[in-house]
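# Chains, contacts and geometry: an overview
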Amino acid sequence: MITEEELRKNYEDVLNNIKAHAQKVGRDYSDIKLVAVTKTHPIELLNLAVKIGIRTFGENYAQELRDKAKALEGVDIEWHFIGRIQTNKVKYIVPVAKMIHSVYRFEELEEIDKGAKKVGKIQDILLEVNVSGEETKAGLQPEQVKDFLVSATRFTNVKIVGLMTMAPYVEPENARPYFRKLRILRDELKVDFPDIVELSMGMTNDYTVAVEEGSTIVRIGTALFGERKKLK
Ligand SMILES: *Cc1c(COP(=O)(O)O)cnc(C)c1O
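In the annotation of an unreviewed UniProt entry, the chain is listed under the name Pyridoxal phosphate homeostasis protein and assigned to Fervidobacterium islandicum. According to the UniProt record, the Cofactor (unreviewed entry) comment for the chain reads "pyridoxal 5'-phosphate". Under the Sequence similarities (unreviewed entry) heading, UniProt states for the chain: "Belongs to the pyridoxal phosphate-binding protein YggS/PROSC family."

Shown next as structure tokens:
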């Protein structure tokens, strides 16, 4: 596991990069939230991250999120769910998640709405958009988002506050058109859906470019914590 000193250094580097690339395009870097992605990492690592001042964490697996939230109960942490959603596991996510980034099927939204009603909250949600059109990527096609938003207005306990995407794994500069496409889509949708403000885009490989293209939330694991163990 990474040492405290290494983590402090990585955290500082990431914050400095966000700041530099925001300033480069005239953005206020305080408009950009850093979600520290801790999937597959142990509780000890999260404790270390909390110790150095990180308070916003992203997790990909429902039970892992539930277990980590339980282990860190009482600590002032904001949890983001960024993984694939299985409708039967929504019950583990909704009670703890500040935001769910990766919604793109209507059944998921329906289940989240039900779960949110049960625990008496309005769940903040982002819609995942497949801007690259890659078949391996999840998400709505850009042209489907508007209809989805219209249909979603009937749910009372979810609030869709923005869009999320994963760019193809390419040279960062080559990811730029995909980030730009998501930003333009957000700007268009905002006219009729003023809640659509957030842009969750940018990971270790490409967050500096995403910040330049308007990202409001970056999701970063490796640059902070080092390589993850490969899942089988
Ligand atoms: C794992 C993951 C990240 C973080 O990836 P890194 O390359 O380690 O920064 C971000 N977003 C999603 C959706 C992920 O699954």
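After that view of the structure, there is still more to cover.
So, about the packing of aromatic side chains. Per the counting criterion, the structure on display carries three aromatic pairs. With a centroid separation of 5.8 Å and an interplanar angle of 40°, the aromatic rings of F57 and W79 are classed as tilted. Highlighted residues: F57 in strand β2 (residues 56-59) and W79 in strand β3 (residues 78-81), separated in sequence by 22 residues. Ring centres 5.4 Å apart and planes at 80° place the aromatic pair F106 and F148 in the edge-to-face group. Taken as a pair, F106 in helix α5 (residues 106-119) and F148 in helix α6 (residues 145-152) lie far apart in primary sequence, 42 residues in all.

Looking now at the UniProt feature "modified residue: N6-(pyridoxal phosphate)lysine" (unreviewed entry) in the chain. The feature "modified residue: N6-(pyridoxal phosphate)lysine" (unreviewed entry), as given by UniProt, occupies K39 in the numbering adopted here. Structurally, K39 can be placed in the loop between β1 (33-37) and α2 (43-51). K39 sits in the buried class, given a relative accessible area of 16%. Setting aside its immediate chain neighbours within four residues, K39 contacts G58, E59, N60, Y61, E64, K68 and R228.

Cut-off values and rules
- Residue positions within a chain follow its written sequence, with the count starting from 1.
- For this predicted model, a pLDDT threshold of at least 70 governs which residues receive local features, and a threshold of 80 or more governs which side-chain atom pairs are given and counted, while totals over whole chains, interfaces and linings are taken from all residues.
- Values shown for side chains rest on all heavy atoms present in the structure; no hydrogens or waters enter the calculation.
- UniProt positions are given in the numbering used here, feature names are shortened, and annotations may be inferred rather than shown by experiment.
- Between the rings of Phe, Tyr and Trp (Trp by its six-membered ring), a pair exists once the centres lie within 6.5 Å; its type follows the angle of the planes, with under 30 degrees stacked, over 60 edge-to-face, and the other angles tilted.
- Elements are defined by DSSP. Helices are runs of H or I of four residues or more, strands are runs of E of two residues or more, and each kind is numbered from the N terminus.
- The classification of residues rests on relative accessible area computed with a 1.4 Å probe and restricted to protein chains. Under 20% of the type maximum is buried, over 50% is exposed, and intermediate values are partly exposed.
- Any two residues whose heavy atoms approach within 4.5 Å at even a single point are treated as in contact.

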